[in-house]
Amino acid sequence: MRPTVAIHHPCISCCHQPTDCAYTRHAVPCSNANLLRCRMFLLLQPKHRRIRRWDVLWAVYNWGIRFMELYKRRRRREQQINRALDIAATEDEKDGLTRCLELLTAKVHTVQGLDDVDAKCRHVMDITGTLGDLSLGNGEGGSGPKTKRPGRPNALRRYIKLGLNAPAHEVSLKMEEFSENVYKKECYINPEDPEDAPGDWARLKIQEMGFDSEDEASRLGTLSRPQGFLDAIKEVLAAELAAEPCLRNLVRNELYQKAELTTVPTPAGEDTLDPFHPYGITKHLENKRVQTLEGHDTWLRIQAAEKQGLIKCTISWPERNLEELLRDTGELFVSDNISDVSVEWNNWRREVLAAAV
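Reference entry: report on the structure contained in this document. (Residues numbered from 1 in each chain as written. Predicted model: local features only at pLDDT ≥ 70, side-chain atom pairs only at ≥ 80, totals over all residues. Heavy atoms only, no water.)

**Some points on the packing of helix α4 (residues 111–126) against helix α11 (residues 245–258)**
- Interaxial distance between α4 and α11 falls to 9 Å at its minimum, and their mutual angle equals 135°. Our classification of the angle between α4 and α11 gives oblique. Along this stretch, α4 crosses α11, giving a crossing that reads as right-handed. Residues Gln-112, Asp-115, Asp-116, Ala-119 and Lys-120 of α4 lie in contact with α11, whose contacting residues are Pro-245, Arg-248, Asn-249 and Arg-252.
- A class-by-class count of the residues in the contact of α4 with α11 yields two nonpolar, two polar and five charged. (Axes fitted to C-alpha atoms, helices over the stretch in contact; angles between N-to-C directions. Helix = DSSP H or I, 4+ residues; strand = E, 2+ residues; numbered from the N terminus. Parallel < 35°, antiparallel > 145°, perpendicular 65-115°, else oblique. Left-handed = near helix turned anticlockwise from the far one by under 90°. Contact = heavy atoms within 4.5 Å. Nonpolar A, V, L, I, M, F, W, Y, C, P; charged D, E, K, R; others polar.)

**Section: the nonpolar core**
- Of all hydrophobic cores here, the largest spans 34 residues; its most connected members are Leu-164, Phe-178, Trp-201, Phe-229, Ile-233, Leu-241 and Trp-348.
- Mapped by element, the contributors of at least two residues to this core are α7 (175–184), α8 (198–209), α10 (226–242), α11 and α15 (340–356).
- Setting aside chain neighbours within four positions, we find Phe-178 in contact with Leu-173, Leu-241, Cys-246, Leu-247, Thr-329, Leu-332 and Phe-333.
- With 15 residues, the next largest nonpolar core counts Ile-81, Ala-88, Val-108 and Val-124 among its residues. (Core = buried A, V, L, I, M, F, W, Y, C linked by side-chain atoms within 4.5 Å. Buried < 20%, exposed > 50% of the residue type's maximum accessible area, 1.4 Å probe, protein only.)

**Some words on unusual backbone geometry**
- Despite not being glycine, Lys-185 has its phi angle at roughly 60°, a positive value.
- Here Lys-185 shows up in the loop between α7 and α8.
- With relative accessibility at 74%, the residue Lys-185 sits in the exposed group.
- Residues other than glycine seldom take positive phi values, yet Asn-287 does so here, at roughly 50°.
- Along the chain, the position of Asn-287 falls in strand β6 (residues 285–289).

**Quick word on the packing of α11 against helix α14 (residues 319–330)**
- With their axes 11 Å apart at the nearest point, α11 and α14 run at an angle of 145° to one another. In this structure, α11 meets α14 at a crossing whose hand is right-handed. For the pair α11 and α14, contact is made by Leu-247, Leu-250, Val-251, Glu-254 and Lys-258 and by Asn-321, Glu-324, Leu-325 and Thr-329, respectively.
- Residue composition of the contact of α11 with α14, by class: four nonpolar, two polar and three charged.

**Observations concerning the state of the cysteines**
- Applying the stated criterion across every chain, the model contains zero disulfides.
- As a non-bridged cysteine, Cys-121 has Cys-100 as the owner of its nearest cysteine sulfur, 3.4 Å distant.
- By relative accessible area, which is 0% here, Cys-121 ends up buried. (Disulfide = S-S within 2.5 Å.)

**Considering α7**
- Among all positions of α7, only Met-175, Phe-178, Ser-179, Asn-181 and Val-182 are buried. The buried residues of α7 all sit within an arc of 160° when viewed along its axis, so they share a single face.
- In this fold, the buried residues of α7 make contact with α3 (91–106), α4, α10, α11 and α14.
- Where α7 terminates, the next one or two residues include Lys-185, which has phi positive at roughly 60°. (Arc of directions from axis to C-beta.)

As far as function goes, none of this settles anything; it's purely spatial.
In structure tokens:
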């Protein structure tokens, strides 16, 4: 049923007194015919509305273009992931790409959401030897980085080849489990705590994987020592968390709500910007929430004033809000055990989360 809007009119009354009719525009007795015409005139439906402004028409046109760009980019991603699935050699690669495809088809409705899935796919391809040469290409309308950070994928790929992803997932939640906790906003799934403290557990894993032999120790370097082993699996988990769409979306929303903007006038702006200047309101802004700029032209004025060299603008994330985010999100990544060993492991997991954020 289509929504209608009924507007009260003095003609529509039980007394049927002569009055100015909204339809006829004359003072006439409200006969049954006039009442019917008034009711038809006053019941507005969406189908009767017409767009009569060019700026609205152009906005609709531009949004249509942006939607088609997003749709085409999403289709290209699906084709690229399917090609990667065809050449994937291990079950871990197939599982990672399958999850990327599920996220792409089920939960991507914005450019930022597609960037998040791209980050996940890029992580899967960077850490594998089979898919490492397959380019994902993020240039079609994306806002994510178009180049890789040198060195880091090679280090992660080395750790994965050495088999460190398996012990890393023994002491941490899987990304699917962490995502479920984030979406439900409660610690629905808890990680399992080893019986030994982190240092002792790492020493046992080094012996189990054969990293303590003389030949391996000279080749692996710090990986043959407990602290170096823990740092390596921390880097593996942090990189995986940093590419997780749910965490990226959580951090982005938190940053948008809590980020603060500060402007300082330059020597030229100190003399030029006065209360009557078009950019005068941008002269002294201190710790102004970025979220409050929505719906106003203040941000455009700030950009124009900064471009002309009148002000310097900085956007920061207050330390108190970052600590609050890490504390609240950390509750979804740690176990609920209270033993001394569990406390040590939970502190280590919080360090992993902080490194990812």
